[in-house]
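# Remarks on the overall topology
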Amino acid sequence: MVERALSLLAIDPRGLRGLWLRGRAGPVRDRVLAALAALGPRKLHPFITDEALMGGLDLSATLASGAMHRHAGLLETPGFLALTMAERCPPGLAVRLGQALDQDAGLALIAQDEAAEDGEGLPAALADRLGLFVDLDSFAWGETDDFALSLPLIATAQARLAHMATDAAQARLVRVAADLGIASLRAPLLALACARAHAAWRGAGVIAEEDLEIAVALCYAHKARHFPETAPEPEDAPPEPPQPPPEEEGAQNESLQDIPEEMLIDAARSALPPGLLAQLQAARVARAMGGNSGAGAARKSLRRGRPLPSRAGKPGAGARVDVIATLRQAAPWQKMRRAMMPGRGLDRLLLMPADIRIKRYQDQTDRVLIFVVDASGSAALARLAEAKGAVELMLAEAYSARDHVALVAFRGHSAELCLPPSRSLVQTKRRLAGLPGGGATPLAHALQIALATAEQARGHGMAPTLAFLTDGRGNIALDGSANRAQAGAEAAQIARAIAARKIPALVIDTSLRPKPQLAELAAQMRANMITLPRADARTLSTTLSAALGG
Amino acid sequence: MTPFPFTAIVGQDEMKTAMILTAIDPKIGGVLVFGDRGTGKSTAVRALAALLPPIDAVKGCPVNSAHPDDCPVWAEVTETEIITRPTPVVDLPLGVTEDRVTGALDIERALTRGEKAFQAGLLARANRGYLYIDEVNLLEDHIVDLLLDVAQSGENVVEREGMSIRHPARFVLVGSGNPEEGELRPQLLDRFGLSVEVTSPKEIDTRIEVIRRRDAYENAHAAFMAEWAPHDAALRARILAARAALPGLNTSNVVLHDCAAVCLALGSDGLRGELTLLRAARALAAYEGAADVTRAHIRAAAPMALRHRLRRDPLDEAGSTARVARQLAEVLP
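What you see is a predicted model, and the numbers here were worked out from it, not measured in a lab. The residue numbering used here restarts from 1 in each chain and proceeds along that chain's sequence as written. Whichever chain is written first is A, and whichever ligand is written first is 1; the rest continue in order. Only residues with pLDDT of at least 70 are given local features in this predicted model, and only at 80 or more are side-chain atom pairs given and counted; all residues enter the totals for whole chains, interfaces and linings.

## What about the overall build of chain B?
Helices and strands together make up the secondary structure of chain B, namely 13 helices and 11 strands. A burial count over chain B gives 45% of its 333 residues as buried. In chain B, the proportion of contacts linking residues at least 24 apart, taken out of those at least 6 apart, comes to 74%. Only DSSP runs of H or I with at least four residues qualify as helices, and only runs of E with at least two residues qualify as strands; both kinds are numbered from the N terminus onward. To sort residues by burial, count the other C-beta atoms lying within 10 Å of each one's C-beta; a count of 20 or more means buried, 12 or fewer means exposed, and anything in between means partly exposed. C-beta atoms are built from the backbone. What counts as a contact here is a pair of residues whose C-beta atoms, placed from the backbone, lie within 7 Å.

Structure representation (structure tokens):
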């Protein structure tokens, strides 16, 4: 399957636009990459500069010859591009690559996606544009073999492409895409190119059923949002006899339309390793809910983070001068400046203030506020309403500060992450409104979930802050038993773990008569502690802002 | 390859109408197309370029001036011949540097001849034409600031390297983007006259037709272009006729009142909403060959003229389109 996908890409790079290769480093991947080398791909990495992509002034050649020389960007010459660590591809780069692919300049992209966890994955802008998808993790080492692409075979197939009849396949592929819930109209076009390339690869002059099956497996399987329910077949009914092959040779087109579409759907399903759909869906949801794909998610910084192109600016105030960029900026003007300022700069570089370039970085310091809300019976229901109101008010502030928000609620026997970090206010509000109250207080479990969520957020480059709204009367241990002493010990232990990981936290005592236990817990967490007298939601929110430093 | 023919785009009527309206009256001020991936946003913008009527400009003028007297001094234009050229549609790529947008010292001349000369940037080339930004919501902030400034004043001013250069930069902004990837700043939103939201077509037959035409465009290019060329030509003629009819349209006080009432009810900031709505309704009336602007035109133009000007209410679950529709039903029964 992998070999076939690579051959198809080599046959029609313009039509297929690329391949999404998912899989972690390993021998299977090495085999595939070795075979890919035959296509001579040029490598890109996620943090490549625009100059390398789009081309720019070739300074050494320009200065040496005294005439203008550009060096070509990677996107300017047709051919294969290999994007390594594609799961770390920032949205800006994804869009630039997408635009380059759309321009039909003969570029094809091989995205090597090494995503390991949920929430990572190829940016949607690229996933939508690349025709083929192969999941290497679904192949065992033993099942694969060293292979090489047959270049002569590819060349003969390419010659056949232009004369391929595609009419019957168009409608079929569009219908299947709709059945699989694929909204983008690029998908059927890419699948059509895939089927055409496959027919050419077989040496056929017309697209047949097997080409469509391959196209569905390679182009649709990973984009499928849902599979149509298969009607259970009655056990006793004998399976329909396969249709006799048509008498006339030329009737291949018609036979194509007679085959039930159910078959194509099966192809998609069998090509999917179990759990992958869920994983991809999770990645897509995480992204849609604001993971870190928003343009505003990253902040420009002068000191740390990933390097960005340097800009004109004044040194000082924390800005560092980008010496190389400054020199590059000044170099071409030397001749002119010497002419303007006679007698100066014969032995030195003439720098003007406007030449100075300062370094810029992109800093991932998005804040995620994790609200941990006690919805137990002991946190009297009136206070729960106040807590809800406070969270709602904070949401409006989080919106303006572009903060992420997560919601953990605990009651009864366990805590639950009601809402993973998100910027979606509507979602948060809805979840919060639907949060019931009553039951015991599994505080230890709530702390555990909060810690896990915070750690995960850190893994995504966000700065987590915990805000507990509870009365601190934990009475359910981690194993679900109603053991107050054990619950208290466990809560203290996790609280210390939170402190050890230096996660900023805030504890708001929502009980009517504050008790010392919660203060102790807060101290172990090194959290700020607020004991609120009866308050309305607005004062609670103001306190929160103050304690969190805005 | 020549762009996909505008008239061959299947469905997406609101997007096509919005683009036609800005072609009829560029003062409407551009279109913002927001929507799902793979719905033909960029295709439509590139197709529009082929549809626009040509302009008269001084030969060799970097800012496409209409008269030799208008050419900026720094351009050193010696030609006085007026040529007809296609309306410029300039792409503003995402990774663009400030220098390329505004223009900068001509590096080649400085290097080889030691002369100080200005090399015009994208803004100069877009003068009297269109500036297209794909994925506009991902544009770097400092470029957005610059665009806002120039769009406001209609003039590009470059002060650096001991140069002081200014030239007219009046252009129609066309942007497209996918809202999932980031939002647009309200200041920039307001700069777009019309905004449309596109979604993938839901009917199977429509989708099949899209694929069929696209496939024909890619694989039977010449025949496909020949088939659609008359349709595009007819539409261009209709746009020109509408342009000519625009000044003669009657706009009654009732219509003006309707515009104001809709904008008031929606609480859109400033008066730009009313102006754009009126212009869009007039262009629509001209396009349809009507003698008067009517309430029906206002109703049809209101969603695209106003949906991006509403105060953002983060907790309102209904989209802006629904809010506009709600108010329209109340105010203009």
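## Considering the nonpolar core
Leu132(A), Ala191(A), Cys194(A), Tyr220(A), Leu277(B) and Ala280(B) are the most contacted members of the largest nonpolar core, which has 166 residues in total. When residues of this core are assigned to their parent elements, the largest contribution, 12 residues, is made by helix H10 (residues 186–202) of chain A. The contact partners of Leu277(B), leaving out residues within four places of it in the chain, are Cys259(B), Val262(B), Cys263(B), Ile298(B), Ala301(B), Ala302(B), Ala305(B) and Leu306(B). For this entry, the nonpolar core is defined as buried Ala, Val, Leu, Ile, Met, Phe, Trp, Tyr and Cys residues connected by C-beta atoms within 7 Å. Listed in part, the 52 residues of the second largest apolar core include Val405(A), Ala415(A), Leu451(A) and Ala477(A).

## Quick notes on the confidence of the model for chain B
Per-residue pLDDT for chain B has a mean of 84; in total, 93% of the residues score no lower than 70. This prediction of the complex comes with two scores: 0.67 for pTM and 0.78 for ipTM. Across the chain, each position has a pLDDT score giving the predictor's confidence in that residue, from 0 to 100.

## So, the packing of helix H1 (residues 13–24) of chain B against helix H2 (residues 41–51) of chain B
Residues and elements named next belong to chain B. An axis is simply a line fitted to the C-alpha atoms; with a helix, the fit covers only the stretch in contact. Between two such axes, the angle follows the N-to-C directions and lies from 0 to 180 degrees. The N-to-C vectors of H1 and H2 enclose an angle of 35°; their axes lie 11 Å apart at closest approach. Crossing handedness for the pair H1 and H2: right-handed. Here H1 contributes Met15, Lys16, Met19 and Ala23 to the contact with H2, which in turn contributes Ala44, Leu48 and Leu51. Among the residues making up the contact of H1 with H2, the classes are represented as six nonpolar, no polar and one charged. By definition, turning the near helix anticlockwise from the far helix through less than a right angle yields a left-handed crossing, and turning it clockwise yields a right-handed one. Gly is placed with the polar residues, together with every amino acid not listed as nonpolar (Ala, Val, Leu, Ile, Met, Phe, Trp, Tyr, Cys and Pro) or charged (Asp, Glu, Lys and Arg).

## Thoughts on the pairing of strand E15 (residues 505–509) of chain A
All names here are of chain A. In terms of burial, E15 is a largely internal element, five of the five residues being buried. Residues of E15 alternate between two faces, with Ala505, Val507 and Asp509 on one and Leu506 and Ile508 on the opposite face, all of them buried. Orienting the strands away from the viewer, one traces the path from the first strand over the helix to the second; a clockwise path indicates a right-handed crossover. In this region the chain leaves strand E14 (residues 463–470), passes through helix H20 (residues 484–500) and returns to the parallel neighbour E15; the handedness of that crossover is right-handed.

## Describing helix H19 (residues 443–459) of chain A
Counting along an α-helix, one turn takes 3.6 residues, and residues three or four places apart therefore face a common direction. All names here are of chain A. The terminal C-alpha atoms of H19, which comprises 17 residues, lie 24 Å apart, in line with the 24 Å expected from a rise of 1.5 Å per residue. Extensive coverage of H19 is indicated by the burial of 12 of its 17 residues. Those residues of H19 not exposed but buried are Leu443, Ala444, His445, Ala446, Leu447, Gln448, Ile449, Ala450, Leu451, Thr453, Ala454 and Ala457. Considering only its buried residues, H19 is in contact with strand E11 (367–374), strand E12 (404–411), strand E13 (414–422), E14 and H20. One or two steps after H19, the chain reaches glycine 461, where phi turns positive at roughly 80°. In this analysis, the expected span of each helix is defined as 1.5 Å times one less than the number of residues it contains.

## Things to note about the sheet that holds strand E1 (residues 31–35) of chain B
Residue and element names in this part refer to chain B. The five strands lie next to each other as E4-E7-E10-E1-E11, forming an open sheet whose pairing is parallel. Of all strands in the sheet, those with a lone pairing partner are strand E4 (89–91) and strand E11 (194–198), marking the two edges. In this sheet, adjacent strand axes meet at a mean angle of 15° when their direction is disregarded. Two strands pair under a simple rule: DSSP has to find at least two bridges between them. With three bridges connecting them, E4 and strand E7 (residues 129–134) associate as parallel partners. Paired with valine 89 across the bridge in E7 is tyrosine 130. Packing of H1 onto the sheet brings it into contact with E1, strand E10 (171–177) and E11, and relative to E11 it is tilted by some 160°.

## As for H10(A)
All names here are of chain A. Between its first and last C-alpha, H10 extends 24 Å over 17 residues, near the 24 Å set by a 1.5 Å rise per residue. In terms of residue burial, H10 counts as a mostly covered element, since 16 of its 17 residues are buried. Of the residues one or two after H10, glycine 203 is the one with positive phi, at around 90°.

## Considerations on the environment of Ser200(B)
As for its position among the elements, Ser200(B) is in the loop between E11 and helix H8 (204–219). Contacts of Ser200(B), omitting those with residues within four sequence positions, involve Ala183(A), Ser184(A), Leu185(A), Asp36(B), Gly38(B) and Thr39(B).

## Quick look at the sheet that holds strand E2 (residues 42–44) of chain A
Residues and elements named next belong to chain A. Read from one edge to the other, the open sheet built from five strands follows the order E2-E5-E6-E1-E7, with strand pairing classed as parallel. Taken across any chain shown, the strands that pair with only one partner, and hence form the sheet edges, are E2 and strand E7 (132–135). Taking the axes of each pair of neighbouring strands and ignoring which way they run, one obtains an average angle of 20° across the sheet. Note: E2 against strand E5 (residues 79–83), three bridges, orientation parallel. Directly across from lysine 43, in E5, lies its bridge partner alanine 82.

## Quick word on the packing of H1(B) against helix H11 (residues 272–288) of chain B
Residues and elements named next belong to chain B. The interhelical angle for the contact between H1 and H11, taken along N-to-C directions, is 95°, at an axis separation of 9 Å. It follows from the interaxial angle that H1 and H11 lie roughly perpendicular. Together, Ile20, Leu21 and Ile24 of H1 and Ala280, Ala283, Leu284, Ala286 and Tyr287 of H11 make up the contact between the two elements. For the contact of H1 with H11, the residue count by class is eight nonpolar, no polar and no charged. Angles are sorted into four bins: roughly parallel if under 35 degrees, roughly antiparallel if over 145, roughly perpendicular if 65 to 115, and oblique for all others.

## Quick word on the pairing of E7(A)
The side chains of a regular strand alternate, residue by residue, between the two faces of the sheet. Residues and elements named next belong to chain A. Going residue by residue along E7, you find Leu132 and Val134 tucked away on one face and Phe133 and Asp135 tucked away on the opposite face as well. Bridging between strand E1 (residues 18–22) and E7 involves four bridges; their strand directions are parallel. Its bridge partner being in E7, tryptophan 20 is matched across the sheet by phenylalanine 133.

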